[in-house]
Amino acid sequence: MKRLAATCALAALCVFPVAAAAQEYTQGTSYVEPRGGVYGTTNPNVNVVGTYGGAAGHYVMDGVALEAEGLGYAVDQKTKTATPQGMASKSETNNAVGVAGMAKWNFVRTPKGTLFVGAGGGGVFADKELPEGGQKNSGMGQTDLGGTVSLGKNVSLRAAGRYQHLGSFSDKGLDSLGGNLGLKISF
């Protein structure tokens, strides 16, 4: 994932060599953003979800970006196995990869920062059933509410709260709520 993000960043710098101001968000500018997050869940068999990875986006209109996101997931979940004495459960990490497309609207834009909303969806591909009793490969949906703060000419710190549904779109899926941080590099 790190190699993919580095390759995308290098390719983008070769294609779009002109740096854009961090808070410009004008049509035709692009960005790459390494990001990570932590989420709590409503599922009693899942304790916490951690994410790591990144995104690349392009502004198709002033303040409106289309983004491709690739994340790794570390899901701390309980698995149950039958024993002669009944059911035993143990906590283990379920690793997954998710890919998503998102649309983001920066509805407040100033030279020092922005506020934005975003929504999108994609797929998640896990080592084991996500959560226990669910599916290994399924869809996902997500929404963001967050903001950015300019750190320099073309770098911003981004923080977002996110609702995310992982796994099947049924009672065997997983709802999570948390936040993520990213370092947005505009060009």
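Before reading on, note that the structure itself is shown above.
This write-up is about the structure you can find in this document. (Residues numbered from 1 in each chain as written. Predicted model: local features only at pLDDT ≥ 70, side-chain atom pairs only at ≥ 80, totals over all residues. Heavy atoms only, no water.)

1. Some points on the overall build of the protein chain
And then number 1: Of regular secondary structure, the protein chain possesses one helix and eight strands.
And then number 2: The order of α-helices and β-strands along the protein chain, N terminus first, is α-β-β-β-β-β-β-β-β.
And then number 3: Restricting the contact set of the protein chain to residue pairs at least 6 apart, pairs at least 24 apart contribute 60%.
And then number 4: Element-wise, carbon and sulfur atoms account for 65% of the exposed surface of the protein chain, whose accessible area totals about 9200 Å². (Helix = DSSP H or I, 4+ residues; strand = E, 2+ residues; numbered from the N terminus. Contact = heavy atoms within 4.5 Å. Areas by Shrake-Rupley, 256 points an atom, 1.4 Å probe, with all protein chains shown as cover.)

2. Considerations on the pattern of salt bridges
And then number 1: On inspection of all chains with the given rule, the structure shows nine salt bridges.
And then number 2: Taking the shortest distance from any N to any O, the salt bridge between Arg-35 and Glu-33 comes out at 3.0 Å.
And then number 3: Linking Lys-128 and Glu-92 is a salt bridge whose minimum nitrogen-to-oxygen distance equals 3.9 Å. Highlighted residues: Lys-128 in strand β5 (residues 113–130) and Glu-92 in strand β4 (residues 86–109), separated in sequence by 36 residues. (Salt bridge = Lys/Arg side-chain N within 4 Å of Asp/Glu carboxyl O.)

3. With respect to the packing of aromatic side chains
And then number 1: Using the criterion set out here, one finds two aromatic pairs in the structure.
And then number 2: For the pair Tyr-31 and Tyr-59, a centre-to-centre distance of 5.8 Å together with 50° between the ring planes defines the contact as tilted. Highlighted residues: Tyr-31 in strand β1 (residues 30–41) and Tyr-59 in strand β2 (residues 46–61), separated in sequence by 28 residues.
And then number 3: With a centroid separation of 5.5 Å and 50° between ring planes, the pair formed by Trp-105 and Phe-107 is classed as tilted.
And then number 4: Stacked on the ring of Tyr-31, the Lys or Arg Lys-184 has its end atom at 4.2 Å from the ring centre. (Phe/Tyr/Trp six-rings, centres within 6.5 Å; stacked < 30°, edge-to-face > 60°. Lys NZ or Arg CZ within 6 Å of the ring centre and 35° of its normal.)

4. Quick notes on a nonpolar patch on the surface
And then number 1: A contiguous nonpolar surface patch, about 520 Å² in accessible area, is contributed by Trp-105, Phe-107, Val-108, Leu-115, Val-117 and Leu-145.
And then number 2: Looking at the nonpolar patch element by element, the count peaks at three residues for β4. (Patch = residues over 30% accessible without salt bridge, like charges linked within 9 Å, V, L, I, M, F, W, Y side chains within 5 Å.)

5. Observations concerning the nonpolar core
Grouped burial of nonpolar side chains is what soluble globular proteins tend to show.
And then number 1: In terms of nonpolar packing, the biggest core is built from 14 residues, with Val-49, Tyr-73, Val-75, Val-124, Leu-130, Leu-166 and Leu-174 touching the most fellow members.
And then number 2: Residues in contact with Leu-166, not counting those within four places in the same chain, are Val-49, Tyr-73, Val-124, Leu-130, Gly-139, Met-140, Gly-173 and Leu-174. (Core = buried A, V, L, I, M, F, W, Y, C linked by side-chain atoms within 4.5 Å. Buried < 20%, exposed > 50% of the residue type's maximum accessible area, 1.4 Å probe, protein only.)

6. Brief notes about the environment of Gly-72
And then number 1: On the secondary structure map, Gly-72 appears in strand β3 (residues 64–83).
And then number 2: Gly-72 sits 18 residues away from Gly-54 along the chain, and the two C-alpha atoms are 9.2 Å apart.

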